[in-house]
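Coordinate analysis (summary)
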Amino acid sequence: VEKDEGKAIHFLEEAAIGGDPIARNRLGRIEWNIGNTERALKHFIIGAKLGDDDLIKVLMEAFRNGLVSKDDLAAALRAHQAAVDATKSPQREAAEEYYRNRNVGVHT
C-alpha cells in the first residue's frame, strides 16, 4: 500500500480542527521532526488543553528546556485538568472499577 503523507496530514489537520487531541499530538510530532518547533509547541499546547496526558509531559520537558513559558505551561495545566474533570462521572468510575477488578484472581 502506497503512503500519501500529504493526505494523511490533511486528515490529521481535519481531526485536530475537530478537537482530537491525538491528532494534535501527531501533528506536533511531525512539525517537531521537520524543525518547526514553534508550530509543534502550539499543537502540543492545544492537545494538552484537550486532555492529552502525554503532551503534558512533553510540555513539562519543553518548559525545563526553556521552550515554553511558565504562563503557557500553567494555562495548559489548568485547561488539561478541566478537560479531565469534564470526562469524570460516577458511571465512568464504576466502569473503570469493574474492568480493573474483573480479572483479579484469574490466571492465564
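Cut-offs and rules
Residues numbered from 1 in each chain as written. Predicted model: local features only at pLDDT ≥ 70, side-chain atom pairs only at ≥ 80, totals over all residues. Heavy atoms only, no water. Phe/Tyr/Trp six-rings, centres within 6.5 Å; stacked < 30°, edge-to-face > 60°. Helix = DSSP H or I, 4+ residues; strand = E, 2+ residues; numbered from the N terminus. Buried < 20%, exposed > 50% of the residue type's maximum accessible area, 1.4 Å probe, protein only. Salt bridge = Lys/Arg side-chain N within 4 Å of Asp/Glu carboxyl O. Core = buried A, V, L, I, M, F, W, Y, C linked by side-chain atoms within 4.5 Å. Contact = heavy atoms within 4.5 Å. Expected span 1.5 Å × (residues − 1). Arc of directions from axis to C-beta. Axes fitted to C-alpha atoms, helices over the stretch in contact; angles between N-to-C directions. Parallel < 35°, antiparallel > 145°, perpendicular 65-115°, else oblique. Left-handed = near helix turned anticlockwise from the far one by under 90°. Nonpolar A, V, L, I, M, F, W, Y, C, P; charged D, E, K, R; others polar.

Next up on the list: the packing of aromatic side chains. Evaluation of the coordinates by the stated rule reveals 2 aromatic pairs. Centroid distance W32 to F44: 6.4 Å. Interplanar angle 40°. Geometry classified as tilted. One end of the pair, W32, is in helix α2 (residues 21–33); the other, F44, is in helix α3 (residues 37–49), and 12 residues separate them in sequence. Here W32 falls in the partly exposed class, since its relative accessible area comes to 38%. Ring plane angle 80° and centroid distance 5.1 Å describe the contact between Y98 and Y99, whose orientation is recorded as edge-to-face.

Enumeration according to the criterion identifies 4 salt bridges in this entry. The partner of D85 in a salt bridge is K88, and the shortest N-O contact between them spans 4.0 Å. D85 gets classed as partly exposed once you look at its relative accessible area, which sits at 40%. With a shortest N-O distance of 2.7 Å, E97 and R100 are connected by a salt bridge. Taken together, the positions of E97 and R100, both in helix α6 (residues 90–101) and 3 residues apart, correspond to about one turn of that helix.

Inside soluble globular proteins, nonpolar side chains tend to come together where they are buried. Listed in full, the 12 residues of the largest apolar core are A40, L41, F44, I45, A48, L55, I56, L59, A62, V68, L73 and A76. Of all the secondary structure elements, the ones that give two or more residues to this core are α3, α4 (53–64) and α5 (70–86). In terms of residue count, the dominant contributor to this core is α3 (5 residues). When residues no more than four places from it in sequence are discounted, the contact partners of L73 are L59, M60, F63 and V68.

This next bit is on α4. Taking 1.5 Å of rise per residue, the 12 residues of α4 would be expected to cover 16 Å, and the 17 Å separating its terminal C-alpha atoms lies within 8% of that figure. Every buried residue belonging to α4 is among L55, I56, L59 and A62, and all of these are buried. Buried residues in α4, looked at end-on, bunch into an arc of 125°, giving them a common side. Set apart from the buried face of α4 by more than 90 degrees, the exposed residues are K57 and R64. In the segment just after α4, G66 is the residue with positive phi, at about 75°.

This part covers the packing of helix α1 (residues 5–17) against α2. Two measures define how a pair of helices packs: the angle their axes make with one another and the distance between the axes. The N-to-C vectors of α1 and α2 enclose an angle of 135°; their axes lie 8 Å apart at closest approach. Comparing the axis directions of α1 and α2 gives the class oblique. Considering only the axes of α1 and α2, their crossing is left-handed. On α2, the residues touching I9, L12, E13, A15, A16 and I17 of α1 are A23, R24, R26, L27 and I30. Grouping the amino acids of the contact of α1 with α2 by side-chain chemistry returns 8 nonpolar, no polar and 3 charged.

Moving on, we come to the packing of α4 against α5. One way to put it is that α4 packs onto α5 with a least axis distance of 10 Å and a crossing angle of 165°. As judged from the angle between their axes, α4 and α5 are roughly antiparallel. Of the two elements, α4 crosses α5, and the hand of that crossing is left-handed. Taken together, the residues of α5 that come into contact with α4 (itself represented by D53, I56, L59, M60 and F63) are K70, L73, A76, L77, H80 and V84. Considered class by class, the residues forming the contact of α4 with α5 number 8 nonpolar, 1 polar and 2 charged.

No statement about biological role is implied by the geometric values presented.
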